[in-house]
Amino acid sequence: MQNLEFYKGKRVLITGHTGFKGSWLCQMLLQAGAQVCGYALEPPTNPSLFVLSGLVDRMDSRIGDVRDLPHLMQVFDEVRPELVFHLAAQPIVRESYRDPVGTYGTNVMGTVNVLECVRTHPSIKSFVNVTTDKVYDNQEWEWGYRETDRLDGYDPYSNSKSCSELVTHSYIRSFFQDGRVAVSTARAGNVIGGGDFATDRIIPDCIRAMQAGKEILVRNPYSTRPYQHVLEPLAVYLMIGAAQYTDHSLAGNYNVGPDEQDCVTTGELTELFCNSWQDGAAWKNCSVEGPHEAGFLKLDCAKVKRSFGWKPVWHVQEAVEKTVEWTKAWLGGEDVTACMNRQIEVFFG
């Protein structure tokens, strides 16, 4: 757990801490002994991992909107963070078609506001902006996108994250050339794991179908995505944040995704889920016309592997199994925080 040991006693601020990924990241940092403050809206789902894991009682949780610069600035003033991880976002492609203005407001101006706080607070030494693999101009070719490829997401969510990358690049060139703070962006693939209750995501849809005793309906079974367990990218965010804290030359833009064999179709992922869940779990193709979503997307992660010697820990089947393990623990009334801690310890073991 070398990367986690660095964070003992460090003051860390996380935006978007009440979300799925944010909750897991808070738990990892608390387990490492960090002083964790979160800034986000109320949990976006009900149930929510943030509530189920009791994080609200174990950390400094501030409820606010990243579009509210004065409030955000006040929190930075009070916390004086050393490291900042920006996860706050409107993260759902289909929701971005329903509310493009809100999506751009959160994902673009929210990033501007966080960067402005980073710019004006000398306590901060390391900043990581979490974006997405969908920032690229997706030509649906068979090889993985590299960090130098063109940014131009198609839908409002993906495009707003491309804009977030450009905003970050501008701030780096305009304000952070003095070396005071190291800034990176991390472009992660699709994540799965225990405690994701979002709409329009395949694994949460599978779990809801199991709860209802129904067959799983798969909207885009032939879409290929770089699926990975949520701990994979979070571990990389923490690795980048720690490494660039002491060596600013390691700051940059990094793809974070699984190995090529773990880039599977949605149908294949659902089949893995059914095999792991058992109890008669089954799915069927329910392709429907809807807003454009990419059909094929892979990442080239050679840069992060070369820079840090990183490699994925769990393959996609193990990622599904860990997700099912957490979900059945939750449904069985077990201590989900203990389950999270066990999985974190196994992952870093």
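Every value quoted in this text rests on a predicted model; they were computed, and no experiment measured them.

### Thoughts on the overall build of the protein chain
Part 1 of the argument: Within the protein chain one finds 13 helices and 13 strands.
Part 2 of the argument: Taken over C-alpha atoms, the radius of gyration comes to 19 Å for the protein chain, in line with the 20 Å a tight globule of 349 residues would show.
Part 3 of the argument: Considering only C-alpha atoms, the protein chain reaches an extent of 60 × 45 × 40 Å along its principal axes.
Part 4 of the argument: Looking at the protein chain as a whole, 58% of its 349 residues qualify as buried.
Part 5 of the argument: Excluding contacts between residues fewer than 6 apart, the proportion of contacts in the protein chain whose partners are at least 24 apart in sequence is 81%.
Part 6 of the argument: When the accessible surface of the protein chain is totalled, it reaches about 14,200 Å², and 49% of it is carbon and sulfur.
Part 7 of the argument: Of the charged side chains in the protein chain, 33 are positive and 43 negative, and the gap between their average positions amounts to 4 Å.

### Some thoughts on the pairing of strand S1 (residues 11-15)
Part 1 of the argument: Across the 5 residues that make up S1, a large majority, 4, are buried.
Part 2 of the argument: Pairing of S1 with strand S2 (residues 35-40), which is carried by 5 bridges, proceeds in the parallel orientation. Residue pairing in the sheet places Arg11 in a bridge with Gln35 of S2.
Part 3 of the argument: Pairing of S1 with strand S4 (residues 83-86), which is carried by 4 bridges, proceeds in the parallel orientation. Across the sheet, residue Val12 finds its bridge partner in S4, namely Leu83.

### Topic: the nonpolar core
Part 1 of the argument: Tyr7, Trp24, Leu29, Phe85 and Trp326 are the most contacted members of the largest nonpolar core, which has 58 residues in total.
Part 2 of the argument: At 10 residues, helix H9 (residues 231-246) tops the list of elements feeding residues into this core.
Part 3 of the argument: Ignoring sequence-local partners within four residues, the contact set of Leu29 consists of Tyr7, Val12, Ile14, Ala34, Val36 and Leu238.
Part 4 of the argument: In terms of nonpolar packing, the next biggest core, distinct from the first, is built from 24 residues, Tyr39, Val84, Ala88 and Leu115 among them.

### Digging into the environment of Gln228
Part 1 of the argument: With respect to the helices and strands, the residue Gln228 is situated in strand S10 (residues 228-229).
Part 2 of the argument: Judged by relative accessible area, which is 3%, Gln228 ranks as buried.
Part 3 of the argument: The residues contacting Gln228, other than those within four sequence positions of it, are Ala188, Gly189, Asn190, Val191, Ile192, Pro233, Val256, Gly257, Pro258 and Ala319.

### Digging into the side chain of Glu165
Part 1 of the argument: Position of Glu165 relative to the elements: it lies in helix H7 (residues 156-175).
Part 2 of the argument: Separated by 2.8 Å, the side chains of Glu165 and Arg187 make a polar contact.
Part 3 of the argument: Non-local contacts of Glu165, meaning those with residues more than four positions away in its chain, are made with Thr131, Val135, Leu151, Thr185, Arg187 and Asn253.

### Observations concerning the pattern of salt bridges
Part 1 of the argument: Here the structure, examined in full by the defined rule, presents 17 salt bridges.
Part 2 of the argument: For Arg208, the salt bridge goes to Asp205, with nearest N and O atoms at 2.8 Å. Taken together, the residues span about one helical turn, with Arg208 and Asp205 both in helix H8 (residues 202-212) at a distance of 3 residues.
Part 3 of the argument: A residue is classified by how much of its surface remains accessible, and Arg208, at 31% relative accessible area, is partly exposed.
Part 4 of the argument: A salt bridge links Glu260 to Lys298; the shortest N-O distance between them is 2.9 Å. One end of the pair, Glu260, is in the loop between strand S11 (253-256) and strand S12 (263-265); the other, Lys298, is in the loop between strand S13 (283-285) and helix H11 (302-308), with 38 residues separating them in the sequence.
Part 5 of the argument: The buried category is assigned to Lys298, whose relative accessible area is 10%.

Rules of the game
Residues numbered from 1 in each chain as written. Predicted model: local features only at pLDDT ≥ 70, side-chain atom pairs only at ≥ 80, totals over all residues. Heavy atoms only, no water. Helix = DSSP H or I, 4+ residues; strand = E, 2+ residues; numbered from the N terminus. Rg over C-alpha atoms; globule rule 2.2 N^0.38 Å. Buried < 20%, exposed > 50% of the residue type's maximum accessible area, 1.4 Å probe, protein only. Contact = heavy atoms within 4.5 Å. Areas by Shrake-Rupley, 256 points an atom, 1.4 Å probe, with all protein chains shown as cover. Lys, Arg positive; Asp, Glu negative; His and termini not counted. Charge placed at Lys NZ, Arg CZ, Asp CG, Glu CD. Pairing = 2+ DSSP bridges. Core = buried A, V, L, I, M, F, W, Y, C linked by side-chain atoms within 4.5 Å. Polar contact = N/O pair within 3.5 Å; in protein donor to acceptor, adjacent residues only side chain to side chain. Salt bridge = Lys/Arg side-chain N within 4 Å of Asp/Glu carboxyl O.

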